[in-house]
Amino acid sequence: MPPSPATSPRSLLHRLDESAFTPRHLRIYVTVLIGHFLCGFVINLTGVILPGVIKTFHLTSESAGVFSSALFAGMLVGAAVAGTVSDRFGRKVPLAITVMVYAVFSLAAVFAPSFGALVTFRALQGIGLGAEIAVVLPYIAEFVPSRHRGPLVTAATAAWLIGLPTAAAVGTAVVPAFGWRAMFVIATVPVLVGVVMLATLPESVRYLLRRGRLSDAATVVGALCRGTFTEPTGPEHAAPEHTGTVRTLVARHYLRYTIAIWFMEVCAGAFLYGLSSWLPSVLEGQGVGLLKSFGYTAIITAAGVVGAILAGQLINRIGRRVVLGGAFVLSGLFCLAWGTTSATGAVIVLGSLATFFGSGLAGSTLFAYASELYPTASRATGLGWAAAWQKVGGLIMPVLVGFILAAHASQFLFFLLFGIISILAGIAALVATFETRGRTVEQISQEITGNRTETVLTTARS
């Protein structure tokens, strides 16, 4: 028996996209937001604990760089695998499991008896952290109303970025009193969030429809959406039944945009993770005390949070391409200026501006863009591979910086690297970005491929 017009896939997606943001939306979003914030906190423990780890295990700069990169190696694997798993088996359960994984290995790290064990646990923890990023943003993009998609995805990235200054601030209080291992004790808290996710989150409506679970999708939409909706007009188009694959990402219509996303993610990862891993140590090497270096790092990285919050409004007004290109280039220029000064005020101002535009405006917009560019069947796969390439940057830059510092090279070279990669990312954004502003996720796929097999909906103010 065919579905009634009110419960057809087209109608359900229309209701989902055009709904007001209800209290049920808010409860789901806050739950997911807490998990994503804790993900950012755990990732960014590296810069806080690194000075203590170096002293405990008597590490060279090269070994310290390897420790920083071990996390990103795990994140690369987790991000690449989790996206495909989520496209095949849903968003809810994989998301909850990823949060539990990185919490469990935080506990293991507390009791690491050797440097080798600590590196291993940190890499395994990275698998859960990378996987969480690959699943959470597609989940948000698929359940929130279209006009809220950009602001809420970038706000989620802001919550993730808050983890960095929070880690620095918590480290200032905890590490001197209890040692670096205490930070991993705190990082076990996310296991509780994972349990709440399993118990309360609904499955993605778009995933349910793709699997033919119309009744379950209708139940979720009924619980989420309130109000009266005008039924969409035009013929019903059934979405094809297929699962996420990397082949979709590099197909002819997507190849240009995919290459640009992957390149920008490598640059963004090198900027974000290289800076967060080494900035406290670099500042300490310039004569700044350990506690002050944590404080300066917290201030500088907090500027990225402000940029991520503002990004949601800017991308709705002027679009993804301009925000990405302009923010990356400005970040690069401020990095170059940052490297020419050691005055405290200038370091804080220029560093804050660099992170405001780099990890804030550009970084959050990039993830919002990656989470909406690809079709539903490959959305988490696309985001997962984008996140994986970001981790490639996270792998390369901490090791590279470690060798630069070990060679006693000019510290300007540290900032020069970050400036160059940011400017190159900005150029890629300006020449190879598909503008997604003002479109539903189905319309984005249709316009890129010229294929109307995806459900076509009324234009939304996304």
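Because the structure is a prediction, the values reported are computed rather than measured.

A. Molecular detail of the overall build of the protein. In terms of helices and strands, the protein carries 19 helices and zero strands. The burial tally for the protein puts 59% of its 462 residues in the buried class. Summarising the internal contacts of the protein: among those between residues at least 6 apart in sequence, 85% fall at separations of at least 24. By element, 70% of the accessible surface of the protein is carried by carbon and sulfur atoms, the whole surface being about 16,300 Å².

B. Just the nonpolar core, in detail. Judged by nonpolar contacts, the single largest core of 135 residues is most densely connected at Ile 43, Ile 133, Ile 140, Trp 338 and Leu 373. In terms of residues, this core owes the most to one element, helix 6 (residues 115–143), which gives 15 residues. With near-sequence residues (within four places) excluded, Trp 338 lies in contact with Leu 275, Leu 279, Ile 300, Val 347, Leu 350, Gly 351, Ala 354 and Phe 415.

C. Inspection of the packing of helix 3 (residues 45–57) against helix 6 at higher detail. Direction vectors running N to C along helix 3 and helix 6 enclose 165°, while the axes themselves pass 12 Å from each other. Taken together, the axes of helix 3 and helix 6 are roughly antiparallel relative to one another. Judged by the twist between their axes, the crossing of helix 3 over helix 6 is left-handed. Contacts from Leu 45, Thr 46, Val 53 and Phe 57 of helix 3 reach helix 6 at Phe 115, Leu 118 and Arg 122. Here the contact of helix 3 with helix 6 is composed, by residue class, of five nonpolar, one polar and one charged.

D. Summary view of the packing of aromatic side chains. On inspection of all chains with the given rule, the structure shows 13 aromatic pairs. Here the aromatic rings of Tyr 257 and Phe 434 are separated by 5.7 Å at their centres, their planes lie at 65°, and the arrangement is edge-to-face. In this pair, Tyr 257 sits in helix 13 (residues 255–285) while Phe 434 sits in the loop between helix 18 (411–431) and helix 19 (441–449), placing the two residues 177 residues apart along the sequence. The pair Tyr 257 / Phe 434 is uniform in exposure class, with both members buried. Through pairs of rings, three or more aromatic residues link up here, namely Phe 57, Phe 67, Phe 115, Trp 180 and Phe 184.

E. Structural view of the packing of helix 5 (residues 92–110) against helix 9 (residues 190–200). Contact geometry of helix 5 with helix 9 gives a least axis separation of 8 Å together with a crossing angle of 165°. Relative to helix 9, the element helix 5 lies roughly antiparallel. The handedness of the crossing between helix 5 and helix 9 is left-handed. Touching Lys 92, Val 93, Leu 95, Ala 96, Val 99, Met 100, Tyr 102 and Ala 103 of helix 5 are Pro 190, Val 191, Val 193, Gly 194, Val 195, Met 197 and Leu 198, all from helix 9. Tallied by class, the residues present in the contact of helix 5 with helix 9 amount to 13 nonpolar, one polar and one charged.

F. Here's a closer look at the environment of Gly 83. With respect to the helices, strands and loops of the structure, Gly 83 is situated in helix 4 (residues 61–89). Taking the C-alpha atoms as reference, Gly 83 lies 7.7 Å from Arg 379; in sequence the two are 296 residues apart. Sequence-distant contacts of Gly 83, that is, excluding residues within four places in its chain, are made with Ala 134, Ala 380 and Thr 381.

G. Representation of empty space enclosed by the protein. For the coordinates displayed, the defined rule picks out three cavities of 30 Å³ or more. Empty space within the largest cavity amounts to approximately 160 Å³. For the largest cavity, the lining is made up of 18 residues, of which Trp 160, Leu 272, Gly 363, Phe 367 and Gln 390 are closest to its centre. Among the elements of the structure, helix 6, helix 7 (146–178), helix 13 and helix 16 (344–373) are those that each provide at least two residues to the lining of the largest cavity. Counting residues per element, the lining of the largest cavity draws most heavily on helix 16, at five residues. Its residues assigned to classes, the lining of the largest cavity shows 10 nonpolar, eight polar and no charged.

H. Local environment of helix 19. Most of helix 19 sits out of view: seven of its nine residues are buried. Taken together, the buried positions of helix 19 are occupied by Val 441, Glu 442, Gln 443, Ile 444, Ser 445, Gln 446 and Ile 448. The first or second residue beyond helix 19 is Gly 450, which carries a positive phi of 70°.

I. Structural detail: the pattern of salt bridges. Under the counting rule described, the total for this entry stands at eight salt bridges. Between Asp 17 and Arg 206 there is a salt bridge, and its shortest N-O distance comes to 2.9 Å. With Asp 17 in helix 1 (residues 9–18) and Arg 206 in helix 10 (residues 205–210), this residue pair connects regions lying 189 residues apart in the sequence. Here the two residues Asp 17 and Arg 206 agree in accessibility, since each one is buried. Measuring nitrogen to oxygen at the nearest pair gives 2.8 Å for the salt bridge that ties Glu 447 to Arg 439.

J. Main features of a nonpolar patch on the surface. On the surface, Val 77, Val 81, Val 85, Phe 89, Leu 124 and Ile 127 cluster together into a nonpolar patch covering about 480 Å² of accessible area. For the nonpolar patch, the secondary-structure elements that each account for two or more residues are helix 4 and helix 6. At four residues, helix 4 tops the list of elements feeding residues into the nonpolar patch. Examined against the element boundaries, Val 81 turns out to sit in helix 4.

Thresholds applied
Residues numbered from 1 in each chain as written. Predicted model: local features only at pLDDT ≥ 70, side-chain atom pairs only at ≥ 80, totals over all residues. Heavy atoms only, no water. Helix = DSSP H or I, 4+ residues; strand = E, 2+ residues; numbered from the N terminus. Buried < 20%, exposed > 50% of the residue type's maximum accessible area, 1.4 Å probe, protein only. Contact = heavy atoms within 4.5 Å. Areas by Shrake-Rupley, 256 points an atom, 1.4 Å probe, with all protein chains shown as cover. Core = buried A, V, L, I, M, F, W, Y, C linked by side-chain atoms within 4.5 Å. Axes fitted to C-alpha atoms, helices over the stretch in contact; angles between N-to-C directions. Parallel < 35°, antiparallel > 145°, perpendicular 65-115°, else oblique. Left-handed = near helix turned anticlockwise from the far one by under 90°. Nonpolar A, V, L, I, M, F, W, Y, C, P; charged D, E, K, R; others polar. Phe/Tyr/Trp six-rings, centres within 6.5 Å; stacked < 30°, edge-to-face > 60°. 1 Å grid on protein atoms, 1.4 Å probe; cavity = no way out; pocket = protein on both sides within 12 Å on 5 of 7 lines; lining within 4 Å. Points joined across faces, edges and corners; volume = space filled by probe spheres on them. Salt bridge = Lys/Arg side-chain N within 4 Å of Asp/Glu carboxyl O. Patch = residues over 30% accessible without salt bridge, like charges linked within 9 Å, V, L, I, M, F, W, Y side chains within 5 Å.

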